[in-house]
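Structural description and commentary
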Amino acid sequence: MKLFDLDWLDFFQRLGVWNRLALRTRRVLSRLKPAKTVNAKEFGDDLQLLADAKFLMVYIERQRAKLHKDCHPFARAIRAMCRHDVLGQPDAATLQNYIEDHFTRAEQDALSPSGRNYRSNIRDLASDALSIAWLEDFLSLKNLEQAKEWESLRLRTRYYYQNASIGVIIESSEALTATQSIIRQLMSSTEPVLFGDLPVWFKDLSLPLLATATYAGIRYMLLFPSMRHGDMTPMINVWPTIPQRLHRPKPKPPRTVTPDQSFHCAYLMEDMTTVLVCASGEPPRVRGSDQALFAKAQKQLESNLTSVPEWLSQVDGCTSGKRVQAAVEFLQGLRFIETRGTQGKDLRLEPTAEARDWLGMSSRDRLKSILDRLKPDQSRNQQAGLPAKHRNMPGDVGFDMDDVGDAARFARDMLVLAELDDDDDDDYDWDAPFTSYDYDHRLRFLPRTVSWGVDPVLDLGIPAALIDTYGSLARRRFVQFSQFVEYHMQQANPLLSRRPGAKPLELHIGWSRRTPTDEEAEDLWGQLLVDFFRLRLLPLGGVQVGLEGEAAALCISLTDAGRYLLDMTKDFDYGQHSDQQGHIVVQPNFDIVFLSPAPLAEATIARFADRKATGTGTLFKITKKSIFTAASCNMTHEQVLGTLRDLCTKAIPTNVTREVRDWFDQCGRVAIKTTLLIRCPNARIATRVLEAGGKKLTPISDTVVELADRKFKTPLVNKLKETGVFVDQSSQPAVPKPKQRRRRRRW
Amino acid sequence: MYFALSTAPAIIGIISLARSGVKWSFEFEGGGNPGMNHNSQNPLIVQGDHTVLVEVDSPRYEEARDHLARFAELVKSPEHVHTYRITPLSIWNASAAGMAAQQIQSVLNEYAKYDVPGHVLTEIHDFASRYGRLKLHRGGDVLLLDVADAPLAEEIWRSEEARKYLESRDGSAGFLILPLNRGRLKQALVKIGWPVEDLAGYVDGEALDVTLRDATGGGLPFSLRPYQWEAVNVFYAGGEATGGSGVITLPCGAGKTVVGLGVMARTSTSTLILVTNTTAVHQWIREILDKTNLRPDQVGEYTGQTKDIRPVTVSTYQILTYRRSRQDEFVHFGLFDGRDWGLIIYDEVHLLPAPVFQLTADIQARRRLGLTATLVREDGREDDVFALIGPKKYDVPWKVMEKQGWIATAVCTEVRVRLPEDMRMEYAVTDRRRKFRFASENPAKLAVLRRVLDRHRDEQTLIIGTYVDHLRAIADELHTPVLTGQTSNVQREKHYENFRAGRLRTLVVSKVANFAIDLPDAAVAIQVSGTFGSRQEEAQRLGRLLRPKPGANQAHFYTLVTRETLEQDFALKRQLFLTEQGYAYEILDENDLNRPKLAECGAGPAKPACRQPAVRLASGT
């Protein structure tokens, strides 16, 4: 142990003097390092007390002061307590920093259950240390022999050359009992305890025994000392979330609530539509380096997205930037959009023919086609179509990178990391090497923020458990989402209540594998519930969300689309609910005005009108260009006018109807292809050419013949030669050689 | 069996509605209920870009509109939802009319469907707070500009634009100004965002007894309509310095000329009237003699042909801005000093040419009245109108006047005509610059024109176009006179007189008829070609029809457009403009003209359409 390896008896003895010091003096002392001298006046009236108690040495006619040699360990402990606010900010990151600061690598390995078998991971150790099981493991020791075995296990590593610690601390049964009683007492207290109060709390323990017990608790990460910064008082406690968890009330089943306002829209599907419509008009350009959208294209797409309530945009994944990203990735996964063009020149996203068919469908059918791809059975089957090296291999394979399955899992883990680290200032773009072949990772039933593997998931029954959990929501009844998640994390968590005889779960974090703690199992399930909500149900219209009460608490209600995704119903309606339609007016000047918010209608109209704004007001304008774009997406004037008639509260002006119809009439589709034209001197020769070419040739005029299949050129030339018709090769226009690009030397 | 967790439980906070301690919390920032308050009965939606949408069908529409019109400019008024815009100028106009920022804010709050964006309310307060902080007073031979506080005075003193018109400082928060710089200073200060409240007053000018008659020269009873009286009174403001200069906005056909006469009668002073062209000069003179007690010898015409300066003189912008070369001076600017004018009337003030602005800046001591149908200028110099002519004093929307029967209801119809088959290839290969004219002169339009004329065979009809040769060919075919810029004034007046008297049913007119001709009995206009997508031209041409009609009080405005050509693209711009003004707009195919008119549907069999073979008209200049 680096900093707290000290004489804790001396610490307790000096603590009395520390408690008598003024706050200012404590602060000065906490910053004072052994070799440093300071102006003695800094200590004010406490100078004499500190000198007498051998805290300080005073020099030069009491002008300067420095730490007394005997006080160095105490001062080190005080400084160390100030470094990490483990009791004030008890999160995993704080604990990881604490561990890194106080324990050597060898000590970490020795303390970590996984480290004893393999190289440990601070995250693993921290996860273990903040679990109730970590303490209960120690509390279960019944005698000194067990304690010695327990302790010796935590003092050695599998590497002979590493020394984990100085030696055994718990040398007697009294020490074991004392340590266990301190821990039990602190577990029962929801608040940290003052260091100075320990002797009072445990009067029956001698100070040396108390000091030994405290040291053992700190050394084995059962107790955590820290400084209360307000009054610079040393505190001690078990990890604070443990008593909180022990004393938390049992969650009740979520109660039905009535939201003050609600929102329902499959905005991911609508965003995909928007991206496709925009791409049909002007394909958005992508960067050659990482295939991501250029900022300008991204911004333009963002400005065209369907509006969601401002409060909903606080949900991660619902920001306009991430919505565009998700829409593009789903489109790529569905092969509705492809990257075309020349690398580094005009790379762009263009819709495929399937996309045009998809755009021609109704809202409900478009949504259904996505949900069908995501449903649990579909997501399993889609693996079959992938090349072996891109599949997520089942089973517990080793970590040899030559193994295809492991490489795939490695790639997948990196993808997960990349997604999670979106907001971090991570210089390395983890996403870049993998996105090219793993686009469809989003098109699975389970979101991949928590990576669950494939076949093991089926064995664990995660999708089924998820379906049961969300399926428990009553139809058209709202419940508070926080209550729903809390209840299912604690009371109906399939990871905690495993079937009898089932193999223990194994948790993979990076390279390490271990059994998850109960706390992790709760967190994992909670995380999955939240992620399934924010990445599946919410963007695909599976839930209606609302806000309830003064605190604006999020509440949810499962919709028919959600039930369809969960395979609880065979069919669903979408986009025809009158309560979702606002007051919409088409004006004779082609403006479409929303007098109240109607996100569903907004999304529908965005397919054939230019967006001007979001929310309420003049949101769209029908223009010739927007109608041409709609026509290029296989929409018809009947669809456009029918949609407007359905959505609008007033009759559509006749000039608008007429103009829309006329614009559609102007549209047509042509094919551009490269072909060869054979120019003949007269009709007689042309006839002979046609005879020679047979069905491969098509007459364009009396003297011009078309050869569509260029591969047939050489055979045709030979055949013509045999019949006495010679092809004048020199008459062909010289094809200019493409300019050779000067290569830039890259350094 | 395994499952993989990609990273530590720190990721639990990935949703921003995050987990605190051991509990999930899904509450949104700001607490409370973050949704919008909604009152569906209210007609206004105030948007963040300072536009205000007004729902016409709302029960509170009329009261909201009356309030809103005081501080916002009507941008467009299509059928169901009208759009207004709040600008610094509109707020200053309201402030000039005595409306406080709090009143504006309370109007918006009271009539808005949803909460008004906070920044809009703040900016309204900011704009309004700028008005009245600079006041211009008369101080003997010079003018005094009083500034509300010293820092602002310092800012103005250091402003390059305004500094050159400030003579000297008068204390820490005031300036001395030469009367000559009065207009230019106001103009410069508006440009830097500080409007001036001009309280320096006006010269009375040469007195002239002007009264309105009770009956016109033709013996018909005459008096100002209520809204005309109101406009006159608001402008005059009891002779106070707060009135006497500004703009009155009334739609075409609402009697702006008569309002001008009313102001002349109220000020009783010698008046200079500036109009757009000679025809309009004659119209004004005719109206003055017809409706006031002034004798012909008191009313002069100052145009290219005649240069009489009388107590009331009517002139054109063209003659004022005439000069031999760009280096020469404007030789007719002397007209402004020709008499001691007490009132200057600017007709169609939105067309005021830039040199006249310069001149107007020099005559700020005289009362100035601007008359227009729209304050929107194609060159965006609305701020100069505000600074030099004055704030908007009175405004009535077109649709209100129409509803009250003061102007005729207009129905706009676009008839799409196919290009003859033999001309399509010629059109396809024509240079883009010539395509518009080629399509405009589509000979197939003549047959359609005949069918339209046949529909309205009992009504006075104007055929309006841009290309003179095309119009002449039409006139020849229809055996009707054509008026162009080359037609002499005598001839023109003769044709007008015949048309007015009903001796002539159809009259073909070129662009000269765009402005200020008075054809009270024209009920139908057929536009065979236009100047690309000009909104102003469209407004003016339609305006010819808007004077009240006996009977159904309905006017018809047809536009013939060649289908699938550049002309149709430009027609779309005109269509947008007219629909945004609130007119019903119908698009018909040439074959649809064979069917009965909408108004006649169900009222009997359709009238047989006149079928004429398409006549190829000569093109060229």
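Residues numbered from 1 in each chain as written. Chains lettered and ligands numbered in written order. Predicted model: local features only at pLDDT ≥ 70, side-chain atom pairs only at ≥ 80, totals over all residues. Heavy atoms only, no water.

Concerning the overall build of chain A
Counting its secondary structure elements, chain A contains 31 helices and 22 strands. Expressed as a percentage of the 747 residues in chain A, the buried residues total 53%. At a minimum sequence separation of 6, the contacts of chain A that also span at least 24 residues come to 66%. On chain A, roughly 34,900 Å² of surface is accessible, and the fraction owed to carbon and sulfur atoms is 49%. (Helix = DSSP H or I, 4+ residues; strand = E, 2+ residues; numbered from the N terminus. Buried < 20%, exposed > 50% of the residue type's maximum accessible area, 1.4 Å probe, protein only. Contact = heavy atoms within 4.5 Å. Areas by Shrake-Rupley, 256 points an atom, 1.4 Å probe, with all protein chains shown as cover.)

Section: the overall build of chain B
A count of helical and extended segments in chain B gives 21 helices and 26 strands. Buried residues in chain B amount to 58% of all 621 residues. As displayed, chain B offers around 24,800 Å² of accessible surface, 49% of which is attributable to carbon and sulfur atoms.

What about the nonpolar core?
Residues and elements named next belong to chain A. By size, the foremost hydrophobic cluster in this structure holds 84 residues, and its most contacted members are Trp8, Phe11, Leu29, Phe43, Leu56 and Phe195. The residues contacting Trp8, other than those within four sequence positions of it, are Met81, Phe195, Ala211, Thr214, Tyr215 and Ile218. Core analysis: the second largest hydrophobic core is formed by 81 residues, Leu276, Ala327, Met489 and Leu565 among them. (Core = buried A, V, L, I, M, F, W, Y, C linked by side-chain atoms within 4.5 Å.)

What to know about helix 4 (residues 72–83) of chain A
All names here are of chain A. Spanning 12 residues, helix 4 covers 17 Å between terminal C-alpha atoms, matching the ideal 16 Å at 1.5 Å per step. Among the residues of helix 4, Phe74, Ala75, Ala77, Ile78, Arg79, Ala80 and Met81 are the ones counted as buried. Residues of helix 4 that are buried make contact with helix 1 (8–20), helix 2 (23–31), strand 3 (64–67), helix 5 (92–102), strand 5 (224–228) and strand 6 (233–237). (Expected span 1.5 Å × (residues − 1).)

Observations concerning the sheet that holds strand 19 (residues 392–395) of chain B
All names here are of chain B. The strand order across the open sheet formed by seven strands is 15-16-14-17-18-13-19, and the pairing between neighbours is parallel. What marks the edges here is a single partner per strand, and that holds for strand 15 (299–302) and strand 19. In this sheet, neighbouring strand axes are inclined to one another by 20 degrees on average, regardless of whether the strands run parallel or antiparallel. Where strand 17 (residues 343–346) lies against strand 18 (residues 367–372), four bridges are found, and the strand directions are parallel. Bridge assignment links Leu343 to a residue of strand 18, and that residue is Arg367. Sitting on the sheet, helix 8 (residues 226–236) is in contact with strand 13 (245–249), strand 17, strand 18 and strand 19, with an inclination near 170 degrees to strand 19. With respect to the sheet, helix 9 (residues 256–267) is in contact with strand 13, strand 14 (271–275), strand 16 (312–316), strand 17 and strand 18, its orientation differing from that of strand 18 by roughly 165 degrees. (Pairing = 2+ DSSP bridges. Axes fitted to C-alpha atoms, helices over the stretch in contact; angles between N-to-C directions.)

Some words on the packing of helix 15 (residues 421–429) of chain B against helix 16 (residues 432–440) of chain B
Angle between the axes and distance between the axes: these two values describe a pair of packed helices. Residue and element names in this part refer to chain B. Two numbers describe how helix 15 lies on helix 16: the axes approach to 9 Å, and their chain directions differ by 155 degrees. Taken together, the axes of helix 15 and helix 16 are roughly antiparallel relative to one another. Taken together, the residues of helix 16 that come into contact with helix 15 (itself represented by Met423, Glu426, Tyr427 and Ala428) are Lys435, Phe438 and Ala439. (Parallel < 35°, antiparallel > 145°, perpendicular 65-115°, else oblique.)

Section: unusual backbone geometry
Residues and elements named next belong to chain A. Not every positive phi belongs to a glycine, and Lys54 is a case in point at roughly 60 degrees. Judged by relative accessible area, Lys54 falls into the partly exposed class, the value being 42%. Despite not being glycine, Phe590 has its phi angle at roughly 75 degrees, a positive value. Along the chain, Phe590 falls in the loop between strand 16 (584–586) and strand 17 (591–594).

Some points on the sheet that holds strand 21 (residues 697–699) of chain A
All names here are of chain A. Strand order across the open sheet formed by three strands is 20-22-21, with antiparallel pairing between neighbours. Pairing within the sheet leaves two strands with one partner each, and these edge strands are strand 20 (676–679) and strand 21. Averaged over all pairs of adjacent strands, the angle between strand axes in this sheet comes to 30 degrees, irrespective of strand direction. Sheet topology places strand 21 next to strand 22 (residues 704–707); three bridges connect them, and they run antiparallel.

Section: the environment of Phe712(A)
Residue and element names in this part refer to chain A. Structurally, Phe712 can be placed in the loop between strand 22 and helix 31 (713–722). A relative accessible area of 16% places Phe712 in the buried class. In the structure, Phe712 is positioned 19 residues away from Gly693 in sequence and 8.8 Å away in space, judged by C-alpha atoms. Residues within four places of Phe712 in sequence aside, it is in contact with Gly693, Lys696 and Leu707.

Examining the state of the cysteines
Taken as a whole and judged by the stated rule, the model has zero disulfides over all chains. Here Cys278(A) is not cross-linked by a disulfide; its sulfur's nearest cysteine counterpart is in Cys633(A), at 9.5 Å. (Disulfide = S-S within 2.5 Å.)

Comments concerning the packing of helix 28 (residues 637–647) of chain A against helix 29 (residues 654–666) of chain A
All names here are of chain A. Interaxial distance between helix 28 and helix 29 falls to 9 Å at its minimum, and their mutual angle equals 155 degrees. The angle between helix 28 and helix 29 falls in the class roughly antiparallel. Seen from above, helix 28 lies across helix 29 with right-handed handedness. Of helix 29, the residues touching helix 28 (which contributes His637, Val640, Leu641 and Arg645) are Thr657, Val660, Arg661 and Phe664. (Left-handed = near helix turned anticlockwise from the far one by under 90°.)

Here we look at the packing of aromatic side chains
Residue and element names in this part refer to chain A. Applying the stated criterion across every chain yields a total of 27 aromatic pairs over all chains. When the ring of Phe481 is compared with that of Phe533, the centres are 4.4 Å apart and the planes differ by 40 degrees; the resulting orientation is tilted. With a gap of 52 residues between them, Phe481 in helix 23 (residues 481–490) and Phe533 in helix 24 (residues 518–537) connect regions that are remote in the sequence. You'll find Phe481 and Phe533 in the same group, each marked buried. For the pair Phe594 and Phe620, a centre-to-centre distance of 5.9 Å together with 50 degrees between the ring planes defines the contact as tilted. (Phe/Tyr/Trp six-rings, centres within 6.5 Å; stacked < 30°, edge-to-face > 60°.)

A word on the environment of Ser268(B)
All names here are of chain B. In this fold, Ser268 is placed in the loop between helix 9 and strand 14. In sequence terms Ser268 and Asp209 are 59 residues apart; their C-alpha atoms lie 5.4 Å from each other. Once residues lying within four places of it in the same chain are set aside, the contact partners of Ser268 are Ala207, Leu208 and Val210.

A closer look at helix 12 (residues 207–219) of chain A
Over its 13 residues, helix 12 of chain A extends 18 Å from the first C-alpha to the last, a length consistent with the 18 Å expected when each residue adds 1.5 Å. Taken from the residues just after helix 12 of chain A, Met221(A) is the one with a positive phi, measuring 55 degrees.

A few points about the pattern of salt bridges
Taken as a whole and judged by the stated rule, the model has 58 salt bridges over all chains. The closest approach of N and O atoms between Lys113(B) and Glu55(B), which form a salt bridge, is 2.8 Å. One end of the pair, Lys113(B), is in the loop between helix 3 (101–111) and helix 4 (118–130); the other, Glu55(B), is in strand 5 (residues 51–55), and 58 residues separate them in sequence. Take Lys113(B) and Glu55(B): they sit in the same class, and that class is buried. For the salt bridge of Glu110(B) with Arg60(B), the shortest nitrogen-to-oxygen distance reads 2.9 Å. Here the residue Glu110(B) occupies a position in helix 3, and Arg60(B) occupies one in the loop between strand 5 and helix 1 (61–68), the gap between them amounting to 50 residues. A relative accessible area of 42% means that Glu110(B) is categorised as partly exposed. One salt-bridge network, in which partners are shared between bridges, spans Arg658(A), Glu659(A), Asp662(A), Glu414(B), Arg416(B), Arg563(B), Asp589(B) and Asp592(B). (Salt bridge = Lys/Arg side-chain N within 4 Å of Asp/Glu carboxyl O.)

What about the confidence of the model for chain A?
Residues and elements named next belong to chain A. Per-residue confidence for chain A gives a mean pLDDT of 80, with 81% of residues at or over 70. In the predicted structure, residues 378–440 sits below a pLDDT of 50 and forms 96 contacts with residues beyond four places in sequence or in another chain. Contacts from residues 451–459, a stretch scored under 50 in pLDDT, to residues over four places away or in other chains number 27 contacts. (pLDDT = per-residue confidence, 0-100.)

Remarks on the side chain of Thr579(B)
Residue and element names in this part refer to chain B. Residue position: Thr579 is located in helix 21 (residues 566–580). Judged by its relative accessible area of 0%, Thr579 is buried. Here the side chain of Thr579 touches Leu576 through a polar contact of 2.9 Å, landing on its backbone oxygen. (Polar contact = N/O pair within 3.5 Å; in protein donor to acceptor, adjacent residues only side chain to side chain.)

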